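Chain residues, written in single-letter form:
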Amino acid sequence: MDIILLGPPGAGKGTQAQRLVEHHGMRQLSTGDMLRETRKADTELGRKVAGIMDSGGLVSDEIVSAMIDAKLSDMGPEVGAIFDGYPRTAAQADQLDEILAKHGRQLDHVIELEVDEDALVERITGRFTCAKCGEGYHDVFKQPKQEGVCDKCGSTEFKRRPDDNEETVRTRMQEYRGKTAPILPGYEARNIVTRVDGMASIEDVTHAIDAILAG
Ligand code: AP5
């Protein structure tokens, strides 16, 4: 089963994708994570990507679609893909259809996480992750069980994203409204969109997504 998790920055796409990986053995394909790897490299591309991400703008369609194509080439047909943060423009949605067809796959669900925009800034500015295993946390909504120690791997090192500041978040929201939300009607016409209340607790959102996948 291949699905898209769609929603504005901070909607909970990454959080839910990690849980789907754990519960269903699916694979998370996050273009944000792939681009964060790219920006680590001291190359012209890495520096270009870092500048765009830190401004809250979107990286070019060709770059992100090529990344998705490469990841799917490594995946067997039995492993379901969770597209997290992709597609984000009409061109990427078209490119995804072509890429899936090339790999003999098809989209089963587009799950839209509906959230109250006012809550997103708080969610994003409070977010941090384990520097070792990448487990996601939040200053208020999801603290480690033991303060300063990762629940999953026991590491005591955590990090915050450079684009998780209020100014950049506002630009990312504008990009979502202007370029990403308009791709929804195309998926609605295919009857594959289901909306989930992204303001519910993390656990309840997972239950709602599980119910959709169970059909
Ligand atoms: P990306 O990494 O994709 O960021 P994003 O879409 O802005 O989404 P986030 O990761 O910020 O949020 P999320 O929905 O995953 O929320 P999370 O689960 O972490 O992209 C970053 C940048 O890369 C872009 O700005 C762009 O420059 C570039 N890029 C990426 N993909 C691209 C593409 N396809 N094309 C072009 N450019 C691209 O949750 C947030 C916090 O809230 C966490 O702390 C979590 O614990 C908490 N939380 C989650 N759910 C709940 C809940 N139900 N209740 C309470 N708290 C919750």
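Above this text sits the structure in question.
Residues numbered from 1 in each chain as written. Predicted model: local features only at pLDDT ≥ 70, side-chain atom pairs only at ≥ 80, totals over all residues. Heavy atoms only, no water.

## Some thoughts on helix H6 (residues 117-125)
To keep it simple, the criterion reads: The buried label applies to any residue whose accessible area, calculated with a 1.4 Å probe on protein chains only, is under 20% of its type's maximum; exposed applies above 50%, and partly exposed to all values in between. For helices the rule is a DSSP run of H or I covering at least 4 residues; for strands it is a run of E covering at least 2, with both sets numbered from the N terminus onward. By definition in these notes, contact holds between two residues if any of their heavy atoms fall within 4.5 Å.
When H6 is considered as a whole, its buried residues turn out to be Ala119, Leu120, Val121, Arg123 and Ile124. In this structure, the buried side of H6 is in contact with strand E5 (127-130), strand E6 (136-138) and helix H7 (166-180).

## Observations regarding unusual backbone geometry
A cis amide bond links Tyr86 with the next residue in sequence, Pro87, at an omega value of -5°. Counting through the fold element by element, Pro87 comes out in the loop between strand E3 (81-84) and helix H5 (90-102). Of note, the phi angle at Asn191 is positive, near 60°, even though the residue is not glycine. When its relative accessible area of 73% is taken as the criterion, Asn191 is described as exposed.

## Observations concerning the sheet that holds E6
Selection rule: In this scheme, strands are said to pair when DSSP sees at least two bridges between them.
On the basis of which strands lie adjacent, the open sheet formed by three strands has the order E6-E5-E7 and antiparallel pairing. Each of the sheet's edge strands pairs with one partner strand only, and the pair in question is E6 and strand E7 (158-159). Where E5 meets E6, three bridges bridge the pair, whose relative direction is antiparallel. Paired with Thr129 across the strands is Gly136, a residue of E6.

## Examining the sheet that holds strand E4 (residues 107-114)
What counts, and what does not: Between N-to-C directions, angles cover 0 to 180 degrees, with each direction set by a line fitted to C-alpha atoms, over the stretch in contact for helices.
An order of E2-E3-E1-E4-E8 is seen for the five strands of this open sheet, with the pairing classed as parallel. Of all strands in the sheet, those bounded by a partner on one side alone are strand E2 (27-30) and strand E8 (193-197). The mean angle between the axes of side-by-side strands here comes to 25°, regardless of whether they run parallel or antiparallel. One ladder, built from three bridges, connects strand E1 (residues 2-6) with E3; its direction is parallel. Opposite Ile3, over in E3, you have Ile82 as the bridge partner. Packing of helix H2 (residues 31-40) onto the sheet brings it into contact with E2 and E3, and relative to E2 it is tilted by some 65°.

## Here we look at the side chain of Ser65
Among the structural elements, Ser65 can be located in helix H4 (residues 61-73). The exposure class of Ser65 is buried, given its relative accessible area of 5%. Sequence-distant contacts of Ser65, defined by excluding residues within four places in its chain, comprise Tyr86, Gln92, Gln95 and Ile99.

## Here we look at the nonpolar core
For clarity, the threshold we go by: In this text, buried Ala, Val, Leu, Ile, Met, Phe, Trp, Tyr and Cys residues form a nonpolar core when linked through side-chain atoms within 4.5 Å.
Formed by 28 residues in total, the largest nonpolar core has its most connected members in Leu72, Phe83, Leu96, Leu107, Val110 and Tyr187. Those elements that provide at least two residues to this core are E1, H2, helix H3 (44-55), H4, E3, H5, E4 and helix H8 (184-188). Dropping the residues within four chain positions of it, Tyr187 is found in contact with Ile4, Pro87, Ala93, Leu96, Leu107, Val110, Ile192 and Val193.

## Describing the site of the ligand
Rules: When we say a residue is near a molecule or strand, we mean one of its heavy atoms is within 4 Å of it. Under this definition, polar contacts are N or O atom pairs within 3.5 Å; protein pairs additionally need one hydrogen-donor-capable and one acceptor-capable atom, and for neighbouring residues in sequence, both atoms have to be side-chain atoms. Each residue is assigned to one of three groups, with Ala, Val, Leu, Ile, Met, Phe, Trp, Tyr, Cys and Pro labelled nonpolar, Asp, Glu, Lys and Arg labelled charged, and all others, Gly among them, labelled polar.
The full set close to the ligand counts 33 residues, and Thr15, Gly57, Arg88, Arg127 and Arg172 are the nearest of them. Take Arg123: an N or O atom from its side chain is 3.5 Å from a nitrogen atom of the ligand. Backbone polar atom of Ala200 to a nitrogen atom of the ligand: 2.8 Å apart, as the coordinates give it. Mapped onto the shell around the ligand, the elements with two or more residues apiece are helix H1 (13-24), H2 and E6. By residue number, the principal contributor to the shell around the ligand is H2, which donates four residues. Its residues placed into classes, the shell around the ligand shows 13 nonpolar, 12 polar and eight charged.

## Here we look at the packing of aromatic side chains
Let me state the cut-off plainly: Centres within 6.5 Å are what make two rings of Phe, Tyr or Trp a pair, Trp counting through its six-membered ring; a difference in plane orientation under 30 degrees is then read as stacked, over 60 as edge-to-face, and the rest as tilted. Note on geometry: a ring has a charge over it if NZ (lysine) or CZ (arginine) is within 6 Å of the ring centre and within 35 degrees of the ring normal.
If you walk through the whole model with that rule in mind, you get four aromatic pairs. Judged by centre distance (6.4 Å) and plane angle (50°), the rings of Phe83 and Tyr86 are tilted. Like Phe83, the residue Tyr86 is buried in the burial classification. Ring geometry for Phe128 and Phe158: centres 5.5 Å apart, planes at 80°, overall edge-to-face. Residue Phe128 is found in strand E5, and its partner Phe158 is found in strand E7; the two are separated by 30 residues along the sequence. Taking relative accessible area as the criterion, Phe128 reaches 12% and is therefore assigned buried. Taking relative accessible area as the criterion, Phe158 reaches 24% and is therefore assigned partly exposed. Of the aromatic side chains, those joined through ring pairs into one cluster are Phe128, Tyr137 and Phe158. Note that Lys142 overlies the ring of Tyr137, its terminal NZ or CZ placed 5.1 Å from the centroid.

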